[in-house]
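Listed below are the residues making up each chain.
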Number of protein chains: 2
Amino acid sequence: MRLTDPALLHRLTAALFAAEGVPEADSAWIAETLVAADLWGHPSHGVMRAPWYLARLRSGAMRRRTAPEWPVDAGAVALMDAKEGIGQVAAAEAMRSAIRRAKAHGVGVVSVRNSNHHGALGCYTRMAAAAGCIGMLATNASPAMPPWGGRAKLVGNNPWSVAAPAGRHPPFVLDLANTAVARGKIFDARQKGLPIPEGWALDPEGRPTTDPLAALSGVLLPMAGHKGYGIALAMEVLAGVLSGAGLLDEVAGPYQAERRSGCGHFVLALDISRFAAPEDFAARMEGWIARLKAAPLAAGAREILYPGEGEARAEARHRAEGIPLAEATRAALEAEASALGVALPEGW
Amino acid sequence: MRLTDPALLHRLTAALFAAEGVPEADSAWIAETLVAADLWGHPSHGVMRAPWYLARLRSGAMRRRTAPEWPVDAGAVALMDAKEGIGQVAAAEAMRSAIRRAKAHGVGVVSVRNSNHHGALGCYTRMAAAAGCIGMLATNASPAMPPWGGRAKLVGNNPWSVAAPAGRHPPFVLDLANTAVARGKIFDARQKGLPIPEGWALDPEGRPTTDPLAALSGVLLPMAGHKGYGIALAMEVLAGVLSGAGLLDEVAGPYQAERRSGCGHFVLALDISRFAAPEDFAARMEGWIARLKAAPLAAGAREILYPGEGEARAEARHRAEGIPLAEATRAALEAEASALGVALPEGW
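Model, not experiment: these values are computed from the prediction.

Bringing the domain arrangement of chain A into the picture now. Residues and elements named next belong to chain A. Each domain of chain A was delimited in the assignment, giving domain 1 (1-59 + 311-348) and domain 2 (63-179 + 222-294). The distance between the C-alpha centroids of domain 1 and domain 2 comes to 23 Å. Taken together, the contact pairs 24 residues of domain 1 with 28 residues of domain 2. Among the residues of domain 1 in contact with domain 2, Trp-29, Trp-40 and Arg-56 are the three that bury the most area, contributing 31% of the side total. Seen at the junction of domain 1 and domain 2, the total is 1 salt bridge. One salt bridge in this structure joins Glu-20 and Arg-64, with 2.6 Å as the shortest N-O distance. If you look at where domain 1 meets domain 2, you find 8 residue pairs in polar contact (both at pLDDT 80 or more). Mapped by element, the contributors of at least two residues to the side of domain 1 that touches domain 2 are α2 (24-39), α3 (50-59) and α10 (309-321).

Here you go:
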């Protein structure tokens, strides 16, 4: 894999969306969120996804211009109808709005419906942390797993994120989906001829399986068994039921170019300064992190990390050295550029 | 196990706390939360705990009169200092306050410090659901597991709960701790001479183990591996760092009679009526639940439930038939009654 300069990757990705008719500022922001995921070492949420989003713009399932309406705009709380606009743009506007509301009222909540897939959640909760807030975001998603006791995909992996500033450290950022593992890990086991642990998947008849082939024709299971099922449902209550978004199989994934997404979000910001002097909060976070990291290590472990720390390190490394972009992703971006008449940036 | 009338169990439990010097109304509320856990089929959080709380009152680690102060009282948000009062009383007052704030501002957040163990979280989030709100509660707790990559107990199981009204159904109530399993399940495997699944615990050297004996002298692991570790930390940021409560091993469990608890809570209520007509929200919840329950069943499964449904059924059954109280619990309550000069209620 060649290493790619993140600035060049951003320039090309933004140019693709702009050429597709997305406003310049929105194109730049979409590119920023995608490149951020690559910088953090999560290429599954990186620029690899740009062609999916471009296909959704072309099909009309997602609108080029994001023009949300606000059916409720009431002080600390609001309801945004994203009107099938771009998920990245809608989620960022919702988080900015929640932060403004938090600065005025101590807490702000924005419920979003008729939105779209918005990439890595940490992009948005980090905005809150950077503004001196604790941020939370939950999204409902297309079916990924059965309800507990079922055997057919119906419940989304419904990802959620909580972020907070951590003093002199990079922010604390929890960002997870509620399935036991991503499907890619099962592909990986199949390639290597290895069994998968029990608890990852059911076969097509709904029996627990350790055979990756049976798992791939069956369904993924929630993390932590029935607990992960319950958490995924709680996130759908917050992101979907409250907002009036699509629910369960009414939500479509980003790789289904023709189908409207239907997803919703729950966005919350808490202004830390209403509860504590920001320097006291920062000192508490630093002391807490220091004590976590000083714990005696388990066999084979080299270090204790807090959530978000690994991503911050990967970002520093990739900014310095470049992003190891998969050849297939590079080729897909070049094909989009060629189709859209976008020149590859100098130095690409 | 004899079946015990829940009304008698409530009367006796409340009388014990009143005899110990807790105000009548607070004694009745403590009894209500403890009996509720028994009714829901969770005796680990039921009246079995009454002697622990009584011991904490006697040691002075927990105060008989709960007189919180409010260092911050600012519209939608507040900070409560529970001043080492009774956890059940402080958490209920915090939730009532959050609900009032939600009715005024759409959302209410109360951050609580210097509180105590408050029993089953569902007691408090159900208050929000009953008031037409989505409720959330998180608490930090005494060390139960190592940080991910560590081998010594440092991070609490930091339980959290989300509840919402569900139309004509009993409320949706997620209520969970972030450890893979409760310690009792490992005791159970030891009694039966069975191995435990990998992922439940480490041995004293910090190696994964399937031996229940090694696990009992080692440490429990978080649910879902590093994800559960991250969730437990996020709940401590919300409940502990924000409020200025104790963190990590500064928090003591309820069975340590002499140590102040130091725990904190994060309490949130969202007024659903600000976002949707309550009848629309109810209809969405009912339709969503109907679709979850209609999914095709996995091998061996008899039914699909939503979180809170099993507890509601157990409550109906136990109200009709009585609570199967363990003989040891019955004897412990009788011993407390004898020591406090409390007469056993008629029909006991």
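Another aspect to go through is the relation of the copies chain B and chain A. Between the two copies, chain B and chain A, the superposition gives an RMSD of 0.0 Å; the rotation angle is 180 degrees and the shift along the axis is 0.0 Å. Considering both components of the superposition, the chain copies are consistent with a two-fold axis. It is Ala-224 of chain B whose C-alpha, among those of chain B, lies nearest the rotation axis, at 2.4 Å. Of the residues that chain B buries at the interface, 100% are likewise interface residues in chain A, meaning the two copies contact each other through the same surface.

Attention shifts here to the packing of helix α1 (residues 6-19) of chain B against helix α11 (residues 327-340) of chain B. Residue and element names in this part refer to chain B. The interhelical angle for the contact between α1 and α11, taken along N-to-C directions, is 40 degrees, at an axis separation of 10 Å. Viewed along their axes, α1 and α11 adopt a mutual orientation that is oblique. For α1 against α11, the interelement crossing comes out left-handed. Contacts from Leu-9, Leu-12, Leu-16 and Ala-19 in α1 reach Leu-333, Glu-336, Ala-337 and Leu-340 in α11. Its residues placed into classes, the contact of α1 with α11 shows 7 nonpolar, no polar and 1 charged.

On to the sheet that holds strand β9 (residues 169-176) of chain B, then. Residue and element names in this part refer to chain B. Within the open sheet, the 7 strands sit side by side as β2-β3-β4-β12-β5-β8-β9. Their pairing is mixed. Only two strands of the sheet have a single partner each, and these edge strands are β2 (69-74) and β9. When strand polarity is set aside, the average angle formed by the axes of neighbouring strands in this sheet is 10 degrees. Both strand β8 (residues 160-166) and β9 contribute to a ladder of 6 bridges, which runs antiparallel. The residue of β9 that forms the bridge with Ala-164 is Phe-172.

Here the focus is the pairing of strand β4 (residues 107-115) of chain B. All names here are of chain B. With 9 of its 9 residues buried, β4 lies for the most part within the structure. As paired strands, strand β3 (residues 77-81) and β4 are joined by 5 bridges and run parallel to one another. Residue pairing across strands places Leu-79 opposite Ser-111, the latter belonging to β4. Note that the unit made of β3, helix α4 (residues 87-105) and β4 has a crossover that is right-handed. The pairing of β4 with strand β12 (residues 263-271) spans 7 bridges and is classified as antiparallel. Within β12, the position partnered with Ser-115 by the bridge is Cys-263.

Another point: the interface of chain B and chain A. How large an interface is tends to be reported as the accessible area lost when its parts come together. Residue-level contacts link 76 residues of chain B with 76 residues of chain A. Carbon and sulfur atoms make up 74% of the area that chain B and chain A hide from each other, which totals about 5900 Å². On the surface where chain B and chain A come into contact, there are 4 salt bridges. At the junction of chain B with chain A, the criterion picks out 26 residue pairs in polar contact (both at pLDDT 80 or more). Mapped onto the side of chain B that touches chain A, the elements with two or more residues apiece are β2, β3, β4, β8, β9, α8 (226-241), β12 and α9 (278-293) of chain B.

Residues and elements named next belong to chain A. The strand order β2-β3-β4-β12-β5-β8-β9 describes an open sheet built from 7 strands, whose pairing is mixed. The two strands at the open ends of the sheet, each matched to only one other strand, are β2 (69-74) and β9 (169-176). Recorded for the sheet is a direction-independent mean angle of 10 degrees between the axes of neighbouring strands. The pairing of strand β4 (residues 107-113) with strand β12 (residues 265-271) spans 6 bridges and is classified as antiparallel. If you follow Ser-111 over to β12, its bridge partner there is Phe-266.

The next point concerns α2 of chain A. Residues and elements named next belong to chain A. Here α2 spans 22 Å end to end across 16 residues, near enough to the 22 Å set by a 1.5 Å rise per residue. Burial of α2 is extensive: 12 of the 16 residues sit out of reach of the surface. Three or more residues of α2 are buried, namely Asp-26, Ser-27, Trp-29, Ile-30, Ala-31, Thr-33, Leu-34, Val-35, Ala-36, Ala-37, Asp-38 and Leu-39. Positive phi appears at Gly-41, one or two residues downstream of α2, with a value of about 85 degrees.

As a further point, take the pairing of β2 of chain A. Residues and elements named next belong to chain A. As judged from the 4 bridges shared by β2 and strand β3 (residues 77-81), these two strands associate in the antiparallel manner. Pairing of Ala-74 across the sheet is with Val-77, part of β3. Linking two consecutive strands that pair antiparallel, namely β2 and β3, is a turn of 2 residues; a positive phi of about 70 degrees is found at Gly-75 within it.

We now examine the side chain of Arg-56 of chain A. Residue and element names in this part refer to chain A. Looking at the element boundaries, Arg-56 is found in helix α3. Buried within the structure, Arg-56 lacks any salt-bridge partner; its nearest side chain of opposite charge belongs to Glu-84, at an N-O separation of 6.4 Å. Setting aside residues no more than four positions away along its own chain, Arg-56 makes contact with Ala-61, Met-62, Asn-116, Gly-253, Pro-254, Gln-256, Ala-257, Arg-259, Arg-260 and Ser-261.

With that out of the way, let us pick up the side chain of Ser-261 of chain A. All names here are of chain A. Within the secondary structure, Ser-261 is located in the loop between α8 (226-241) and β12. Given a relative accessible area of 3%, Ser-261 falls into the buried group. Those residues in contact with Ser-261, other than ones at most four positions away along the chain, are Arg-56, Ser-115, Asn-116, His-117, Glu-250, Val-251 and Ala-252.

All names here are of chain A. The phi dihedral of Asn-158 is positive, around 35 degrees, even though this residue is not glycine. With respect to the helices, strands and loops of the structure, Asn-158 is situated in the loop between β7 (155-156) and β8 (160-166). Within the chain, Leu-248 stands out as a residue other than glycine whose phi angle is a positive 50 degrees. The topology assignment puts Leu-248 in the loop between α8 and β12.

Cut-off values and rules
- Residues numbered from 1 in each chain as written.
- Chains lettered and ligands numbered in written order.
- Predicted model: local features only at pLDDT ≥ 70, side-chain atom pairs only at ≥ 80, totals over all residues.
- Heavy atoms only, no water.
- Domains from an automatic or database assignment.
- Contact = heavy atoms within 4.5 Å.
- Buried area = accessible area lost by both parts, 1.4 Å probe.
- Salt bridge = Lys/Arg side-chain N within 4 Å of Asp/Glu carboxyl O.
- Polar contact = N/O pair within 3.5 Å; in protein donor to acceptor, adjacent residues only side chain to side chain.
- Helix = DSSP H or I, 4+ residues; strand = E, 2+ residues; numbered from the N terminus.
- Least-squares fit on C-alpha atoms with pLDDT ≥ 70 in both.
- Axes fitted to C-alpha atoms, helices over the stretch in contact; angles between N-to-C directions.
- Parallel < 35°, antiparallel > 145°, perpendicular 65-115°, else oblique.
- Left-handed = near helix turned anticlockwise from the far one by under 90°.
- Nonpolar A, V, L, I, M, F, W, Y, C, P; charged D, E, K, R; others polar.
- Pairing = 2+ DSSP bridges.
- Buried < 20%, exposed > 50% of the residue type's maximum accessible area, 1.4 Å probe, protein only.
- Right-handed = clockwise from strand over helix to strand, strands pointing away.
- Expected span 1.5 Å × (residues − 1).
- Lys, Arg positive; Asp, Glu negative; His and termini not counted.

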